[in-house]
Amino acid sequence: MRRGWFLPIAAALGFVFLYAPIISLVVFSFNESRLVTVWSGFSFKWYGELFRDPQMLGAAWLSLQIAAVSATIALFLGTLCAVALVRFRRFRGRTVLAGTVSAPLVMPDVITGLALLLLFVAMEGTLGWPAGRGMLTIIIAHSVFCMAYVTVVVQSRLSDLELSLEEAAMDLGATPVRVFFDITLPIIAPALVSGWLLGFTLSLDDLVIASFVSGPGSSTLPMVIFSKVRLGVSPDVNALATIIIGIVALGVLGATLFQLRSRPHASSR
C-alpha cells in the first residue's frame, strides 16, 4: 500500500517543484507593485513598460534574427554531415568528422566560447576578418554548436531509413540527387524540422557562448535579462517571461492537436 502511494506523491512533488516557480512568475507579472514578492493589485502595467523598453525590444529582435540564421546554417551543415556519416560509412577522415561533430555536445560552454573567442581574435589579426565581435561572430559560434545537435537528430532518422526505397528509385532511372530530393528529403522532413527548432531554441537560450563572442551593441536577450536580474528581478522581466511561456504553450498545444487530428487519418489508412 505504501508503494502504491509513493509514486503519485513523488510525481506531485516533482511537478510542484518544476512548475510552482513558473506559476509564481506568471502571477507576479500582473502585479502592480514594483516589488515582485508583494502583491498590490492586478495590472498590465509592466507589459506596457516592456513594450516601451527599446533595449529589451532591440535585444529580443537581435536574438530572433541570430537564432533563425544560426538554425538555418546549422540545419544545412548538420544535414550534410549526417548524410556523409550514414551513407558513406568508409572514407578518409570519417572518424575525425564524427569526433568533431560530437565534441560540442560534451564540451562545456565556457570552453567553447573561449576557444571561439581566441579563434576570432587570431583570424582578425591575420586575415582582418571578422572585424571585431558582433552579430556575425555570434551567428558563426551558434551555428557551430547547433550543428552538432542537428547532425545527431538527422543521423538517427537516416539510420532508420530503408535503403531499398532509394535503391528502387535509382533502379527506375532516378539520379542520386533526385532520389535525395524526391525520396529521402520528404521522409526525413520531420527530423529536419525538429533539428531546426532545436537549433533555434538553443541559440535563443544561449548566454555563455554569446557573452564571449559578442561585442558592443550586440547584446542578446539572455545577456540583457542577466544584466537586469543581477540587480534584482524586475517586473518587466516577468512580463517578458510570461509572453515566452505563452508562445511555447500555444506551440505545444497546436502540435498536440495536430497529432490528435492526424491519428484518425493514419488509422483509417
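Residues numbered from 1 in each chain as written. Predicted model: local features only at pLDDT ≥ 70, side-chain atom pairs only at ≥ 80, totals over all residues. Heavy atoms only, no water.

To continue, consider the pattern of salt bridges. Applying the stated criterion across every chain yields a total of 6 salt bridges. The partner of Glu166 in a salt bridge is Arg87, and the shortest N-O contact between them spans 3.1 Å. Pair noted here: Glu166 is in helix H7 (residues 163-171) and Arg87 is in helix H3 (residues 54-87), with a separation of 79 residues, a long-range link. A residue is classified by how much of its surface remains accessible, and Arg87, at 25% relative accessible area, is partly exposed. (Salt bridge = Lys/Arg side-chain N within 4 Å of Asp/Glu carboxyl O. Helix = DSSP H or I, 4+ residues; strand = E, 2+ residues; numbered from the N terminus. Buried < 20%, exposed > 50% of the residue type's maximum accessible area, 1.4 Å probe, protein only.)

For any two helices packed against each other, one specifies the crossing angle of their axes together with the interaxial distance. As a packed pair, H3 and helix H4 (residues 94-106) sit with axes 11 Å apart at the nearest point and diverge in direction by 135°. The angle between H3 and H4 falls in the class oblique. As H3 runs across H4, the sense of the crossing is left-handed. On the side of H3, the interface is formed by Cys81, Ala84 and Leu85, while H4 contributes Arg94, Leu97, Ala98 and Val101. For the contact of H3 with H4, the per-class residue count stands at 6 nonpolar, no polar and 1 charged. (Axes fitted to C-alpha atoms, helices over the stretch in contact; angles between N-to-C directions. Parallel < 35°, antiparallel > 145°, perpendicular 65-115°, else oblique. Left-handed = near helix turned anticlockwise from the far one by under 90°. Contact = heavy atoms within 4.5 Å. Nonpolar A, V, L, I, M, F, W, Y, C, P; charged D, E, K, R; others polar.)

This paragraph deals with the nonpolar core. Grouped together as the largest cluster of nonpolar side chains are 28 residues, with contacts concentrated most on Leu116, Val154, Leu158 and Val213. Those elements that place two or more of their residues in this core are H3, helix H5 (109-126), helix H6 (135-160) and helix H10 (208-213). By residue number, the principal contributor to this core is H6, which donates 9 residues. What Leu158 contacts, discounting residues up to four positions off in sequence, is Ala82, Val83, Val86, Arg87, Thr184 and Ile188. (Core = buried A, V, L, I, M, F, W, Y, C linked by side-chain atoms within 4.5 Å.)

The next point concerns the side chain of Thr79. Residue position: Thr79 is located in helix H3. Residue Thr79 is classed as buried on the basis of its relative accessible area, which comes to 10%. Only 2.6 Å separates the side chain of Thr79 from the backbone oxygen of Leu75, close enough to count as a polar contact. Apart from the residues within four sequence positions on either side, Thr79 is in contact with Ala74, Val150, Val154 and Leu192. (Polar contact = N/O pair within 3.5 Å; in protein donor to acceptor, adjacent residues only side chain to side chain.)

A complete count under the given rule lists 9 aromatic pairs for this structure. Counting every residue linked through ring pairs, the aromatic cluster contains Phe30, Phe42, Phe44 and Tyr47. (Phe/Tyr/Trp six-rings, centres within 6.5 Å; stacked < 30°, edge-to-face > 60°.)

Now for the environment of Gly215. Within the secondary structure, Gly215 is located in the loop between H10 and helix H11 (221-229). Spatially, the C-alpha atoms of Gly215 and Ala239 are 27 Å apart, while their sequence positions differ by 24 residues. If we skip the residues at most four places from it in the chain, Gly215 touches Arg133 and Gly134.

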